[in-house]
Amino acid sequence: MQRVPLSLNHLLERAGRLYAESEIVSRLPDKSLARHRFADFYRRARQLASALQAAGLRKGDRVATLCWNHHAHLECYFGIPAAGGVMHTLNLRLAAEEIAWIANHARDRFLVVDDILLPLYEQLRAQAPFERVIVFPFSRAAVAPGYTDYEAFLAAAPAQFEYAPHEEDDPVAMCYTSGTTGRPKGVVYSHRSTVLHTLMANQPDHWGLGAGDSVMPVTPMFHANSWGVPYGCVMIGARLVFPGPHLHPEDLLALMHAERPKFVLGVPTIWLTMLQLLESQPEKYRLPPGMRMLVGGAPVPEAMIRAYARHGAEIRHGWGMTEMSPVGTISYLKPELQDAGEDERFRRFAMAGVPVPLMDLRIVGEAGTELPWDGKQVGEVQVRGAFITGSYHEVPQDPDKFTADGWLRTGDVASLDAHGYLRITDRTKDLVKSGGEWISSVDMENLLMAHAAVLEAAVIAVPDAKWGERPLPCVVLKPGKNATAEDLCAHLAKGFAKWQLPERFEFIEAIPRTSTGKFWKVKLRERFSR
Ligand code: ADP
């Protein structure tokens, strides 16, 4: 067989030739919609590449983006690698100092930034490494003097453009992990890893996308490449609907009704908040029919999967991490389980799912040995494969992160059953160990969120003189609903042994969110671990 390097440029070329009429819809800051065709995307991504080369970009240079989800960000996804550069997505929800630290660590040379994010950029400007700042006029206002206007930059690009020669292992993108423990760490994706991940993820049992699909990525393009979905849509010509900066449930629902995406993706917290609207004001808010939703990045409560099914949407649950490109497991129903009753189906959908191909997954116990796939024993999840990172950018290899035989230690704790379904019970750093036994915070949160009065719940470990640690549920009640600690304890007794039941609950206004929209247990521990 011929040895042709796997390449993102091939996907871009296909998109231009085969899917010129596919549409990209972007919601602008004023909530109006901009419409582009893949033909525009193809032309503009190549113009961006040509302009970057003319501006002096050298192979391997990092080009940072500080952008919401929209068509120009998609142009960066393909245009920067086409020029031989590495797209580095910066997380706009981080503090300015943290963004500056990350940009310096990555040694970013150029920056593409949304005009509406310039106030954030101004805060980090003094510490930033960028040689040139290219402003995307997202709000359609004139770009302030002193900056390069993205549109003018593209318009002035030399017409003659050649893709930068590359090997398939050359880098195309990088993304820093959120750094809940210690400094953020950079993960670098290659042409090869990205193409293989995209092929894998588009499979029918995974995302199952085709050219006729319409996809709305709510997951930020700055977080784990929006789970790789933008690459998936470009590969097969699926229509993209980008929500821009408008991520409130009302805005998302309005966009869903206007543009009718069939596949939407995002972390559970977004859908929990939307569910609250759907349930509290059914006469005003409803879902468009026939949507599939990819939900992951944090535990997905079974109660939420059931609730969305009642509203006519099918949730597909996935587990992964930035280091894994990011998809590791997806919860589709294997053929031998198709006849399972409704309860068993929902139980399966609430599991993280089945490991994807081109990746090996094992569960390792405390003694360091691999555990059987019996659905009972829990241990650390370890992975290796074609789209799993082998190291962090310019960080010495750390045995806490990689095993001696080259597997990535995910820091997640789970069991695998005989059918191959992964069930995440915790993160190592969130574990509750009481009297020498583990209590699953994820299981407890799931059961609490199945209670009719509970909107959200996060369970943390608090120190205890007698037992070492005890679980402490931090609970947000639904507006207008009541439940006492005793009520919740009685509810938990349906799924937990007596010794596991918490003796204390905290009722709070809201659960703090991380920069990627997940429950931020560190903040709860700081507040309540005393
Ligand atoms: P961070 O959460 O630190 O920003 P990532 O976005 O890479 O970093 O998230 C990876 C982590 O998110 C995983 O290691 C795991 O703990 C958690 N996670 C992702 N998907 C799921 C899921 N479906 N169920 C439970 N936890 C999940």
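Quick caveat: nothing in here was measured; it's all calculated off a predicted structure.

1. Quick look at the sheet that holds strand β16 (residues 354–355)
Stage number 1. Taken in spatial order, the 9 strands line up as β2-β1-β11-β10-β12-β13-β14-β15-β16 in an open sheet, and their pairing is mixed. Of all the strands in the sheet, just β2 (33–37) and β16 have a single pairing partner and so form its edges.
Stage number 2. Direction of pairing for strand β1 (residues 23–27) relative to β2: antiparallel, over a ladder of 5 bridges. Across the sheet, residue E23 finds its bridge partner in β2, namely R37.

2. Looking at the packing of aromatic side chains
Stage number 1. Within the structure shown, the criterion is met by 11 aromatic pairs.
Stage number 2. Relative to F130, the ring of Y121 has its centre 6.4 Å away and its plane inclined at 40°; by these criteria the two rings are tilted. Like F130, Y121 is buried.
Stage number 3. Of the aromatic side chains, those joined through ring pairs into one cluster are F38, F41, Y77, F78 and Y231.

3. What to know about the environment of V143
Stage number 1. Along the chain, the position of V143 falls in the loop between β6 (132–136) and β7 (148–149).
Stage number 2. In sequence terms V143 and D115 are 28 residues apart; their C-alpha atoms lie 7.3 Å from each other.

4. Overview of the packing of helix α11 (residues 302–310) against helix α12 (residues 342–349)
Stage number 1. It is at 9 Å that the axes of α11 and α12 come closest, and there the two elements cross at 120°. Judged on the interaxial angle alone, α12 and α11 are oblique. The hand of the α11/α12 crossing is right-handed. Two secondary-structure elements touch here, α11 through E302, I305, R306 and A309 and α12 through E342, D343, F346, R347 and F349.

5. A word on the sheet that holds strand β4 (residues 86–89)
Stage number 1. If you trace the 7 strands from one edge of the open sheet to the other, you get β7-β6-β5-β3-β4-β8-β9, paired in mixed fashion. Pairing within the sheet leaves two strands with one partner each, and these edge strands are β7 and β9 (186–190).
Stage number 2. Direction of pairing for β6 relative to β7: parallel, over a ladder of 2 bridges. In the sheet register, I134 faces β7, and the bridge partner there is T148.
Stage number 3. Contacting β3 (62–66), β4, β5 (108–114), β6 and β8 (171–176), helix α3 (residues 71–82) crosses the sheet at an angle of about 145° to β4.

6. Concerning the pairing of β3
Stage number 1. Counting buried residues in β3 gives 5 out of 5 residues, a clear majority hidden from the surface.
Stage number 2. Because side chains alternate across β3, one face comprises the buried residues R62, A64 and L66, and the other comprises V63 and T65, equally buried.
Stage number 3. In this sheet, β4 lies alongside β3 in parallel orientation, the contact comprising 4 bridges. Bridging from a neighbouring strand, T65 pairs with T89 of β4.
Stage number 4. In this region the chain leaves β3, passes through α3 and returns to the parallel neighbour β4; the handedness of that crossover is right-handed.

7. Considering the nonpolar core
Stage number 1. If you look at the biggest cluster of nonpolar residues, it comprises 183 residues, and the most contacted ones within it are F78, F130, W271, Y308 and L422.
Stage number 2. Those residues in contact with L422 that lie beyond four places of it in its chain are W319, T329, M351, A352, G353, L361, I363, V381, A414, S415 and L416.

8. What to know about the pattern of salt bridges
Stage number 1. Counted by the stated rule, this structure contains 36 salt bridges.
Stage number 2. For the salt bridge of R44 with E75, the shortest nitrogen-to-oxygen distance reads 2.8 Å. Note that R44 is positioned in helix α2 (residues 38–54) and E75 in helix α3, a separation of 31 residues in sequence. Judged on exposure class, the residue R44 and its partner E75 are both buried.

9. Quick look at the packing of helix α10 (residues 268–280) against α11
Two packed helices can be described by the angle between their axes and the distance between those axes.
Stage number 1. Where α10 meets α11, the axes come as close as 11 Å, and the angle between the chain directions of the two elements is 50°. Comparing their axes, α11 and α10 come out oblique. Crossing hand, α10 versus α11: left-handed. Listed contacts from α11 to P268, W271, L272, M274, L275, L278 and E279 of α10 are M304, A307, Y308 and R310.
Stage number 2. Considering only residue class, the contact of α10 with α11 consists of 9 nonpolar, no polar and 2 charged.

10. Here we look at the site of the ligand
Stage number 1. The immediate surroundings of the ligand are formed by 16 residues, with S178, H223, D412, R427 and K518 found nearest.
Stage number 2. G297 places a main-chain nitrogen or oxygen 3.0 Å from a nitrogen atom of the ligand.
Stage number 3. A298 places a polar main-chain atom, nitrogen or oxygen, 3.4 Å from a nitrogen atom of the ligand.
Stage number 4. Expressed as a share of its isolated accessible area of 560 Å², the protein-covered part of the ligand is 93%.
Stage number 5. With 4 residues, strand β14 (residues 314–320) is the single largest residue contributor to the shell around the ligand.

11. Quick word on the domain arrangement of the protein chain
Frequently, the measure chosen for interface size is the accessible area removed from exposure when the parts meet.
Stage number 1. When the domains of the protein chain are assigned, the result is domain 1 (8–187) and domain 2 (432–528).
Stage number 2. The C-alpha centroid of domain 2 is placed 41 Å from the C-alpha centroid of domain 1.

12. Comments concerning helix α14 (residues 485–492)
One turn of an α-helix holds 3.6 residues; hence residues three or four places apart share an orientation.
Stage number 1. For α14, the set of buried residues is L488, H491 and L492. For α14, the arc enclosing every buried residue in end-on projection is 100°, short of the 170-degree limit, so these residues lie on one face. Turned more than 90 degrees from where α14 packs its buried face, E486 and A490 sit exposed.
Stage number 2. For α14, the elements touching its buried residues are α13 (441–449), β23 (454–464), β24 (468–477) and β25 (506–507).

What counts and how
- Residues numbered from 1 in each chain as written.
- Predicted model: local features only at pLDDT ≥ 70, side-chain atom pairs only at ≥ 80, totals over all residues.
- Heavy atoms only, no water.
- Pairing = 2+ DSSP bridges.
- Helix = DSSP H or I, 4+ residues; strand = E, 2+ residues; numbered from the N terminus.
- Phe/Tyr/Trp six-rings, centres within 6.5 Å; stacked < 30°, edge-to-face > 60°.
- Buried < 20%, exposed > 50% of the residue type's maximum accessible area, 1.4 Å probe, protein only.
- Axes fitted to C-alpha atoms, helices over the stretch in contact; angles between N-to-C directions.
- Parallel < 35°, antiparallel > 145°, perpendicular 65-115°, else oblique.
- Left-handed = near helix turned anticlockwise from the far one by under 90°.
- Contact = heavy atoms within 4.5 Å.
- Right-handed = clockwise from strand over helix to strand, strands pointing away.
- Core = buried A, V, L, I, M, F, W, Y, C linked by side-chain atoms within 4.5 Å.
- Salt bridge = Lys/Arg side-chain N within 4 Å of Asp/Glu carboxyl O.
- Nonpolar A, V, L, I, M, F, W, Y, C, P; charged D, E, K, R; others polar.
- Near = heavy atom within 4 Å.
- Polar contact = N/O pair within 3.5 Å; in protein donor to acceptor, adjacent residues only side chain to side chain.
- Areas by Shrake-Rupley, 256 points an atom, 1.4 Å probe, with all protein chains shown as cover.
- Domains from an automatic or database assignment.
- Arc of directions from axis to C-beta.

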